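# A look at the structure
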Amino acid sequence: MGKERQGEVFETNIPQRLDRLPWSRFHWLVVVALGITWILDGLEVTLTGSVSGVLQSRAGLGLSDGQIGEAASVYLVGAVLGALGFGYLTDLLGRKKLFFVTLGLYLVATGATAFSWDAASFMVFRFLTGAGIGGEYAAINSAIQELIPARFRGRTDLAINGSYWFGAAAGAGVTVFLLDPRLFPPDIGWRVAFGTGAVLGLGILVLRRFLPESPRWLMIHGDVPAAEAIVGEIEGRVRDSAGTLPPVPEGRLRLRVQGHVGLGAVAVALFRTYPRRAFLGLALMGAQAFLYNAIFFTYALVLGHFFQVPAGKVGLYLLPFSVTNAIGPLALGPLFDSVGRKPMIAATYGISGLVLAAGGWMFAQGSLSAISLTVLFSVVFFFASPAASAAYLTVGESFPLETRAMAIAIFYALGTAVGGVAGPMVFGHLIGAGGRLPLFHGYLFAAALMMGAALVELAIGIKSERRSLESVAAPLASVEAGS
């Protein structure tokens, strides 16, 4: 059977069939094969922060404080542009095709970073690495939400996004080992550190071959036979591991086959049809991006400037951050499905902002050591981690299927451009200024953004827990009964 004809109306129950499935080995495959994206991103961010001291030395590239912050911002600029470009292609060509393109770009670019010879080459390779990771975000978040049953979607999305911190923990641990001059020469250890990202990503290329294209994406593009075949295959795999399947709920979607949705239609859907959701997505994305990128990209500089922590020991201080960031989504994630999105998102954003403001004040007073500051920030990130993951969850759930990848890309890009790109650069120069007070002002601003996002969520957040994606935002191709 060929594809449905343009404009033809058809009925399908593909979403109902996917959402009623019990958890199975297939869903674990989705988690592992796609969750690697956040592990790689966490590894990259932590590596850059952990080796920043070495990069400033003669054994590194002789970078200044400002250039360290600029390198972090360049990585994020690449991620922004990669998200936009590959996000568009993800909605046009499908989720699965982009899995391999974006991961391949990341592998080549991060491997090339290990061979950087000066500040300019380092910046270029960091830009390309970021582009690969940014492209992954759109394709991966779309696929996760479209393949995972509705009642598990919140906790699964948070857990996968939270896996970023397993990568961060790996980066922190690896650098403690590789930056030990007794084991590796200083001019070699940091290069090997960046090579670990490429090695980690190679195996996942094979694993992703066992993931199907999103049946929802195929359905909306009119390739119903292929979508039905994939759903049947998924049901078979789930039945083999979980036993008897629940009955399919009644009701079918009526859709009209249409061509690829252009950028104009995407803009209308995001900013005219759902303007409140667009503002909510920008508030959540921007706040968490500023908080995370400002603190993580520059914490090694804080430890060195204010607490005289040796560059080779920085990873030991970043490791507790990684642990609490990984635990937060796992511990609190189920509550996003049971208690609900709005109260949990508001609580996690608000609490993390309050604790950060208090910790920043104590830092400015000089009452914290490197260890106590790390402990306090670890508490901040226990709550901020599920908050940040929920930002991606919210954006992915809030808009029609045809625009999902592009919506994630746009709001990731806007949030990162507003909060992420500016954060490391501003904090790098605040640290370079010398005193504690300027840095406290930076922490206070980040805290205010988080608390402001909590208020926005309370005011206009949506209740999407345990609901099908199509009921939260009807597809653009949907047809009213009888029309």
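Structural notes, computed from the coordinates.

The rules behind the values
Residues numbered from 1 in each chain as written. Predicted model: local features only at pLDDT ≥ 70, side-chain atom pairs only at ≥ 80, totals over all residues. Heavy atoms only, no water. Phe/Tyr/Trp six-rings, centres within 6.5 Å; stacked < 30°, edge-to-face > 60°. Helix = DSSP H or I, 4+ residues; strand = E, 2+ residues; numbered from the N terminus. Buried < 20%, exposed > 50% of the residue type's maximum accessible area, 1.4 Å probe, protein only. Patch = residues over 30% accessible without salt bridge, like charges linked within 9 Å, V, L, I, M, F, W, Y side chains within 5 Å. Areas by Shrake-Rupley, 256 points an atom, 1.4 Å probe, with all protein chains shown as cover. Salt bridge = Lys/Arg side-chain N within 4 Å of Asp/Glu carboxyl O. Expected span 1.5 Å × (residues − 1). Axes fitted to C-alpha atoms, helices over the stretch in contact; angles between N-to-C directions. Parallel < 35°, antiparallel > 145°, perpendicular 65-115°, else oblique. Left-handed = near helix turned anticlockwise from the far one by under 90°. Contact = heavy atoms within 4.5 Å. Nonpolar A, V, L, I, M, F, W, Y, C, P; charged D, E, K, R; others polar.

As a further point, take the packing of aromatic side chains. Per the stated rule, a full pass over the model turns up 16 aromatic pairs. With centroids separated by 6.1 Å and ring planes inclined at 80°, the aromatic side chains of Y274 and F399 adopt a geometry described as edge-to-face. Note that Y274 is positioned in the loop between α12 (263-273) and α13 (275-307) and F399 in the loop between α16 (370-398) and α17 (404-420), a separation of 125 residues in sequence. Residue class for Y274 comes out buried when judged on its relative accessible area of 19%. By relative accessible area, F399 is classed as buried at 1%.

What follows deals with a nonpolar patch on the surface. Judged by side-chain polarity, F271, L282, L414 and V418 come together as a nonpolar surface patch covering roughly 340 Å² of accessible area. Of note, L282 is situated in helix α13. Exposure remark for L282: the relative accessible area of 32% places this residue in the partly exposed category.

The next point concerns the pattern of salt bridges. A side chain of one charge can pair with a side chain of the opposite charge if their charged atoms are brought near each other. Here the structure, examined in full by the defined rule, presents 15 salt bridges. One salt bridge in this structure joins R341 and D337, with 3.0 Å as the shortest N-O distance. Of the residues examined, R341 reaches a relative accessible area of 2% and is grouped as buried. It is possible to trace a salt-bridge network through shared partners that takes in R153, R155, D337, R341 and E397.

Here the focus is helix α11 (residues 224-242). Residues that lie three or four places apart on an α-helix share one face, since the helix turns once every 3.6 residues. With 19 residues, α11 extends 26 Å from end C-alpha to end C-alpha; this agrees with the ideal 27 Å at 1.5 Å per step. Looking at α11, one finds that the buried residues are V224, A227, I230, V231, I234, E235, G236 and V238. Note on α11: the residue one or two positions beyond its end, G243, has a positive phi of about 90°.

Interaxial distance between helix α6 (residues 119-147) and helix α7 (residues 153-162) falls to 10 Å at its minimum, and their mutual angle equals 150°. Relative to α7, α6 is oriented roughly antiparallel. Remark: the crossing between α6 and α7 carries right-handed chirality. For the pair α6 and α7, the contacting residues are N141, I144 and Q145 in the first and R153, D157, I160 and N161 in the second. In the contact of α6 with α7, the residues fall into two nonpolar, three polar and two charged.

Even without being a glycine, Q308 presents a positive backbone phi close to 55°. Here Q308 is to be found in the loop between α13 and α14 (314-338). Residue classification places Q308 among the exposed positions, given a relative accessible area of 58%. In this structure, R466 is a non-glycine residue whose phi angle is positive, near 60°. Within the element layout of this structure, R466 appears in the loop between α19 (436-460) and α20 (469-472).

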